[in-house]
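Coordinates in review
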Amino acid sequence: MTLQNAEHATSQNAYPRTFYKEIIDEIDPELSDFYENSTEKSFFNESFYDFATGILSDTLGGRTRQDEVVAIANAHRKKCARKKRRWYDSLKTNATQLTPASKQYPFRQLATKHEVLTVEDWKTLYGDRTYDDVVQEEIEKTRLWSEDPKSRFIHYPGFSSLTPQKSALAIEEDLTSNMLEILDRLYGMKVGEVLKTYVEEMASASFFTDSRRKYELPADGRDLTGSIAMSEDGTYRLMVTVSREAFGRETAITMPDAKDQELLFYIISRAANSSADGSSVMIPVGDLARRLSPTGKAASKHYDEAIARVRKIANFTYNIQEGTKWHGAINYISAAILRENEGKSYLDITLGQTISDALLNNKIKRFSSYEYGKLELNISKIIYIHLQRERIRAFMKMQNGYPECSGTYGYDNFLKWVNFSTNNKRKNMHSIKEALAEFESRHIMIERMESDNISGIVKIFFIPLSEDEVSDLSLMGFNEPGDTEIRRIQ
């Protein structure tokens, strides 16, 4: 893949319905109320949700790159500024050149008041100001409105004189502005990151540790091979092989954690949105580094950390034992080479067979980055994709007649989700329950849960999938024809 393609990789043009809902739910109630209460039903004749969805879809036009969306927002702001100036100029001209009898006269309601009110009533409202004084005040108010970048078209002082078509345009402009502001607040204009992306294998075992966990590297130069996770009943085991040569003089290696998982999500997303053949992807180091910064602004330490983490992942190969069967070898990244071009650093990442096969066979899974971004605990972020799969299973089971959307899980289940940094079962169960409680308190996937402290069994009552989420299942990669996950659920 060329360096130019690395920065300008095309993105998918599909927006999930849950994305629209996230944006529309945040719209200022003033705008939705204005739409619902409008008497211009010839223009406002559909539900507010459909009206806003159509505007957002037309505004974005399938674009997902941050620079493209920022350009759309900038162009919209400039257009609104020009339109406000035109409306002000038109109002000033019509107010001074037309009579109140004209339909284009901007202050017909004020003129009617002046005509029907008694002198005393007029003074009660406007004091000693004459009709012309009040008109000049309204013109000045309109000038200030036109120069305020945050003013809304629905607050245009001459709104009552607008045609139904212009009234509709007013609410469209305000909605567009509001939704672009929301898009910036929730996603930083990164529409391409509305969905995080992963491969099914990542939810099949406990690849990521909940806390810092190190393993000693063999001193004799041999590769590190060993078991890093095992169920209590012995039916599940996760084995890892780490290339000793890749780590030079280092004596220990840190196991992949939630940050490594985040980098993998991003690498897979970039690869999925790339025009390449699925074997490699070139990513600016700065883009990876920003995923490691709490503020989204990367310092030099984040650049070094990003390079080290990606190279680390490239030297891990996993095998999974389930019962008497072994599955593997799972290798997410095969190589990561640092390249420079015009003073900018890139990682040329050769994808492992696991990701390449998923890309070529359209077996990519997705989930909402908005909900995921609300989570604070690392362990919550690690188990997100596992909970997503279990929730879909429970929902499909309920659709087939089971009375509730729930699932029952014990310690062995959680050992397949998290590579715990300790072997202390009590401490690990406490960490899991804390994570599940975070999902419940934030109303993400979990409605409530019940725990049996003696057996350690946790029953999770999932929030049933909404209509929008069901519609998005195909986009999320969960109900394609022949999908093994859904077939197993059904």
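Above this text is the structure in question.
Residues numbered from 1 in each chain as written. Predicted model: local features only at pLDDT ≥ 70, side-chain atom pairs only at ≥ 80, totals over all residues. Heavy atoms only, no water.

Points about a positive patch on the surface
Side chains of Lys78, Arg82, Arg86 and Lys166 sit close together on the surface and give a patch of like positive charge. Here the element with the most residues in the positive patch is helix α5 (residues 66-97); it accounts for 3 residues. As for its placement among the helices and strands, Lys78 is situated in helix α5. (Patch = residues over 30% accessible without salt bridge, like charges linked within 9 Å, V, L, I, M, F, W, Y side chains within 5 Å. Areas by Shrake-Rupley, 256 points an atom, 1.4 Å probe, with all protein chains shown as cover. Salt bridge = Lys/Arg side-chain N within 4 Å of Asp/Glu carboxyl O. Lys, Arg positive; Asp, Glu negative; His and termini not counted. Charge placed at Lys NZ, Arg CZ, Asp CG, Glu CD. Helix = DSSP H or I, 4+ residues; strand = E, 2+ residues; numbered from the N terminus.)

A closer look at the pairing of strand β4 (residues 236-242)
Buried residues dominate β4, accounting for 5 of its 7 residues. With 6 bridges connecting them, strand β3 (residues 224-230) and β4 associate as antiparallel partners. In the strand pairing of β4, Ala229 is matched with Leu238. As consecutive antiparallel partners, β3 and β4 are separated by 5 residues, and within that stretch Gly234 has a phi angle of approximately 80°, a positive value. Here β4 runs beside strand β7 (residues 316-322); their pairing, made up of 7 bridges, is antiparallel. Bridge pairing in β7 places Met239 opposite Asn319. (Buried < 20%, exposed > 50% of the residue type's maximum accessible area, 1.4 Å probe, protein only. Pairing = 2+ DSSP bridges.)

Observations regarding the side chain of Thr142
Relative to the assigned elements, Thr142 resides in helix α8 (residues 131-147). Classification of Thr142 as buried rests on a relative accessible area of 0%. A polar atom in the side chain of Thr142 sits 2.8 Å from the backbone oxygen of Glu138. (Polar contact = N/O pair within 3.5 Å; in protein donor to acceptor, adjacent residues only side chain to side chain.)

Observations regarding unusual backbone geometry
A positive phi angle, near 55°, is found at Glu342, a position not held by glycine. Tracing the backbone shows Glu342 in the loop between β9 (333-341) and β10 (344-351). Even without being glycine, His443 reaches a positive phi, approximately 60°. In this structure, His443 sits in the loop between α17 (425-441) and β13 (446-451). By relative accessible area, His443 is classed as exposed at 54%.

Quick notes on the pairing of β13
Where β13 lies against strand β14 (residues 458-462), 5 bridges are found, and the strand directions are antiparallel. Note that in β14 the partner of Glu450 across the bridge is Lys459. Adjacent in sequence and paired antiparallel, β13 and β14 are bridged by 6 residues, among which Gly456 carries a positive phi angle near 80°.

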